[in-house]
Amino acid sequence: LKLAPEGAQLQLEADLDLPLERAGELVRLPENLALAGSVPARLKLTGSLASPTIGFEADLTAARIDLDGWFDKAEDEAARLSGQVRHDEGGWQLADSRLILADNDTEISGRIRPDGEARLNIKGRNLDLARLASGRHLVRHAIRGRAGVDLQLVKSTDAPLNIRGRISLHGAGVHLTKVVADLSDIRGQVLFKGRGFESLPLTARLGTSPVTISTGMKSFDTPALKLHLRGKKVRTSELVFHNPDNYLNNLDGRITIDGMGIRFDRVEVHLDGGTECVVTGAMSGWRQPRVDLDARASYANVDEVIALWTRGPQKANRKTSGGRAKRPGTKVVVSAETDRGRIGRFNFDHATATITSDGTGRLGVFPLHFRAGTGQGTGQVLADNRGHGPGRLRVTGHLEDFPAAAIHRELLQQKSIVDGTLRGDFFLEGETGAFLKTVDGGAHLEIRKGVLNRFTVLAKIFSLLNVSQLFSFKLPDMVQNGMPFDDMTASLA
């Protein structure tokens, strides 16, 4: 203690060993902050008694810090804290302070006022996100990449913590869930405003597919992350589907992520075969997720919809482009409806179906209801891609009041040999990748009030055998107009 005309001046240097377990006896700490270990520190006290300045250097290597699972520093991890604290009538001011953790170098400054209001400024360049997000709540999301931080934290006695500033992302990445691929190479800025944040448009990759993202959270008090995801061409296996060779075109999705799971608020997709669809729904649960979706389409190509879940046997163990093996077991249930569409060569006007994928390679479409003109039908589609050989596709169904000529013309791509109203049952089976070339099965058909065409000799014989019309001299020309009949049944194999 040096006495001078302007007042007493302090000069004190000390080497201390601070037990962090007792830090709460000196200053008030957050209840969710756990400290342990011993911290060797050097203090230098200068200035006047009314306005002292404390310089400090502390080795935090032996410290154990846990902020309620959101941040974790292990014992024996290199870390240092240095800076100075000055007291005046405005409270305590922190200046020229640096926190070095591993290779992360952060500048810290701020002030704590006598009324309890605190302001803390945090700046850092090229910070390692994987190290900073190693707490037990965040480690499963595999946050990675680099970021620049320029934030101001404000806390008053009568208001919750407010955060202002920005984080600049440089090649960041995150794992959300096993249902979708990882987001990687995220670049852009996230702006913090009070109790929430929003981003400027970010560029990123969903798996290997380039996308743009806008994201935000209204309030940390009820955390729900909003994502607006857009991609011109996104590989279907990056989402809930299995096929790594198909793409979703002009993907435009709005998604909400919270503690319960993921909500697909509205996702618009277009497929190469003409399918245009709007999807809503949710993924519930994080450890054992289940996906329930509602799909509404103006047009649907059923073949390419089934192909979304089809994967070749040589790709059954293929990793997602995010670097993680896509684990089986996620059940996906889709309630689907389309105004019109096509399955194979058959066109229909309206259809509803429930599509279920068990996550192991089995897909079911049941119940399936569809209409075409005056006809209506029900069916079931089963696809099994679990084996090492080509997958198998089984199609069964019932038709009622269908125009026989239209069925023949569309399926066989030639002029029909029969007209009339058709009802029947069918069973077809083939390979998922080449169904029409490998199809086998059978059908039992009944056609009422129809005409048989193109059987010239048979038509002449039946014309002569039509005795009632023969005696009335009204012999029909069955060669030219076909042979009319009341009922015809056939079993095909």
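Residues numbered from 1 in each chain as written. Predicted model: local features only at pLDDT ≥ 70, side-chain atom pairs only at ≥ 80, totals over all residues. Heavy atoms only, no water.

Engineer: Before we move on, can you summarise the confidence of the model for the protein with the specific residues and values?
Structural biologist: Confidence in the prediction of the protein, expressed as mean pLDDT, is 84, and 87% of residues score 70 or more. Here helix α6 (residues 467-471) stands out as the least confident element of the protein, with mean pLDDT 46; strand β15 (residues 202-206) is the most confident, with 96. Confidence drops under a pLDDT of 50 for residues 313-327, and excluding neighbours within four residues, the segment shows 27 contacts in the predicted structure. (pLDDT = per-residue confidence, 0-100. Helix = DSSP H or I, 4+ residues; strand = E, 2+ residues; numbered from the N terminus. Contact = heavy atoms within 4.5 Å.)

Engineer: Go over the environment of aspartate 425, please, and point to the residues and values.
Structural biologist: For aspartate 425, the position within the fold is in strand β29 (residues 418-431). In this structure the C-alpha to C-alpha distance between aspartate 425 and histidine 444, which are 19 residues apart in sequence, comes to 5.4 Å. In contact with aspartate 425, other than residues within four places in its own chain, are Gly397, His398, Gly442, Ala443 and His444. At a separation of 2.8 Å, a polar atom in the side chain of aspartate 425 contacts the side chain of histidine 398. (Polar contact = N/O pair within 3.5 Å; in protein donor to acceptor, adjacent residues only side chain to side chain.)

Engineer: Can you break down the pairing of β29 residue by residue, with the values?
Structural biologist: Direction of pairing for strand β28 (residues 392-403) relative to β29: antiparallel, over a ladder of ten bridges. Within β29, the residue paired with proline 403 across the bridge is threonine 421. For β29 and strand β30 (residues 440-452), the ladder comprises eleven bridges, and the chain directions are antiparallel. The residue of β30 that forms the bridge with phenylalanine 427 is glycine 442. (Pairing = 2+ DSSP bridges.)

Engineer: Break down the environment of leucine 169 for me, citing the residues and quoting the values.
Structural biologist: With respect to the secondary-structure elements, leucine 169 resides in strand β12 (residues 159-174). Given the relative accessible area of 14%, leucine 169 is considered buried. C-alpha separation for the pair leucine 169 and leucine 127, spaced 42 residues apart in sequence, amounts to 9.6 Å. Beyond its immediate chain neighbours, meaning those up to four positions away, leucine 169 contacts Leu129, Arg146, Ala147, Ile186, Arg187, Gly188 and Val190. (Buried < 20%, exposed > 50% of the residue type's maximum accessible area, 1.4 Å probe, protein only.)

Engineer: Go over the packing of aromatic side chains with me, naming the residues and quoting the values.
Structural biologist: Counted according to the given criterion, the structure contains five aromatic pairs. Ring centres 6.1 Å apart and planes at 55° place the aromatic pair phenylalanine 370 and phenylalanine 402 in the tilted group. Of the two residues, phenylalanine 370 is situated in strand β26 (residues 362-372) and phenylalanine 402 in strand β28; the sequence distance between them amounts to 32 residues. The same class applies to phenylalanine 370 as to phenylalanine 402, namely buried. Cluster of aromatic residues (ring-pair linked, three or more members): Phe192, Phe197 and Phe220. (Phe/Tyr/Trp six-rings, centres within 6.5 Å; stacked < 30°, edge-to-face > 60°.)

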